[in-house]
Amino acid sequence: MMDMEQVRIDKWLWAARFFKTRSLAAQEVGAGHVAVNGAKVKPARMVRPGDLLTIRQGFLETSVRIQAVSDRRGPATVARTLYEETEESQAKREQALAERRALRPHTGQPDRRPDKHERRQIRQFLKKE
């Protein structure tokens, strides 16, 4: 980790391991999925400690406060020290994950294939609709 005052947002997102590549981070910032202090920004925007980032990845929206800046990607344990997730963001994320788990259909496999009698019942049921 380098001791610096500010760094480009796409470099920071990559170093903090929010995105796998820097080009993907720049693409997501350019698409408007990242906001700094409530404003959508461009990939070249400089960020510094204390800035509040809102990052939307799929159905999850994460709000983090920058604790330190770095333009080098290191281990995940080091990357985790670059930011602190807000309590509201943690609660929203956990609630969203719980809702998705509850809505997810049961994907288990049946114990066996339907027999002849059950297949007839299935066909009759499908004809009624």
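That block above? That's the structure.
Read on for an overview of the structure. (Residues numbered from 1 in each chain as written. Predicted model: local features only at pLDDT ≥ 70, side-chain atom pairs only at ≥ 80, totals over all residues. Heavy atoms only, no water.)

**A closer look at the packing of aromatic side chains**
According to the stated counting rule, one finds 3 aromatic pairs in the structure shown. With centroids separated by 6.2 Å and ring planes inclined at 75°, the aromatic side chains of tryptophan 12 and tyrosine 83 adopt a geometry described as edge-to-face. With a gap of 71 residues between them, tryptophan 12 in helix H1 (residues 9-15) and tyrosine 83 in strand S7 (residues 83-85) connect regions that are remote in the sequence. Across the pair, exposure class does not vary: tryptophan 12 and tyrosine 83 are buried alike. Three or more aromatic residues link up through ring pairs in this structure, and these residues are Trp12, Phe18 and Tyr83. Its end group placed over the ring of phenylalanine 59, arginine 100 keeps NZ or CZ at 3.8 Å from the ring centre. (Phe/Tyr/Trp six-rings, centres within 6.5 Å; stacked < 30°, edge-to-face > 60°. Helix = DSSP H or I, 4+ residues; strand = E, 2+ residues; numbered from the N terminus. Buried < 20%, exposed > 50% of the residue type's maximum accessible area, 1.4 Å probe, protein only. Lys NZ or Arg CZ within 6 Å of the ring centre and 35° of its normal.)

**Topic: the pairing of strand S5 (residues 52-57)**
Where strand S2 (residues 34-36) lies against S5, 3 bridges are found, and the strand directions are antiparallel. Directly across from valine 34, in S5, lies its bridge partner isoleucine 55. Taking the residues that link successive antiparallel strands as the turn, the S5-strand S6 (residues 60-66) hairpin has 2 residues, and the phi of glycine 58 there is positive, at about 65°. (Pairing = 2+ DSSP bridges.)

**Thoughts on a nonpolar patch on the surface**
A cluster of nonpolar side chains, Ile122, Phe125 and Leu126, forms an exposed patch at the surface whose accessible area comes to about 310 Å². With respect to the secondary-structure elements, leucine 126 resides in helix H5 (residues 116-128). On the basis of relative accessible area, leucine 126 is assigned to the exposed category, the value being 52%. (Patch = residues over 30% accessible without salt bridge, like charges linked within 9 Å, V, L, I, M, F, W, Y side chains within 5 Å. Areas by Shrake-Rupley, 256 points an atom, 1.4 Å probe, with all protein chains shown as cover. Salt bridge = Lys/Arg side-chain N within 4 Å of Asp/Glu carboxyl O.)

**Notes on the side chain of glutamate 28**
Within the fold, glutamate 28 resides in helix H2 (residues 22-30). For glutamate 28, which is buried and forms no salt bridge, the nearest opposite charge comes from arginine 56, at a distance of 7.6 Å. Ignoring anything within four residues of it in the chain, the contact list for glutamate 28 reads Phe19, His33, Val34 and Arg56. (Lys, Arg positive; Asp, Glu negative; His and termini not counted. Contact = heavy atoms within 4.5 Å.)

**A look at the sheet that holds S2**
Pairing in this open sheet of 5 strands is antiparallel, and the strands run S3-S2-S5-S6-S7 from one edge to the other. Two strands bound the open sheet, and with one partner strand each, they are strand S3 (39-40) and S7. Bridging between S5 and S6 involves 6 bridges; their strand directions are antiparallel. Paired with leucine 53 across the strands is valine 64, a residue of S6. Where helix H4 (residues 87-103) meets the sheet, it contacts S6 and S7, and its direction lies at approximately 160° from that of S6. (Axes fitted to C-alpha atoms, helices over the stretch in contact; angles between N-to-C directions.)

**Quick word on unusual backbone geometry**
Glycine aside, a negative phi is what most residues show, and trans is what most peptide bonds show. Unlike most non-glycine residues, arginine 17 shows phi in positive territory, near 65°. Locating arginine 17 in the fold gives a position in the loop between H1 and H2.

**Comments concerning the pairing of S6**
In terms of strand pairing, S6 meets S7 through 3 bridges, oriented antiparallel. Note that in S7 the partner of isoleucine 66 across the bridge is tyrosine 83.

**Side note on the environment of valine 78**
Mapped onto the secondary structure, valine 78 falls in helix H3 (residues 76-79). Assessed through its relative accessible area of 33%, valine 78 is described here as partly exposed. Along the sequence, valine 78 and arginine 17 sit 61 residues apart, while their C-alpha atoms lie 9.9 Å from each other.

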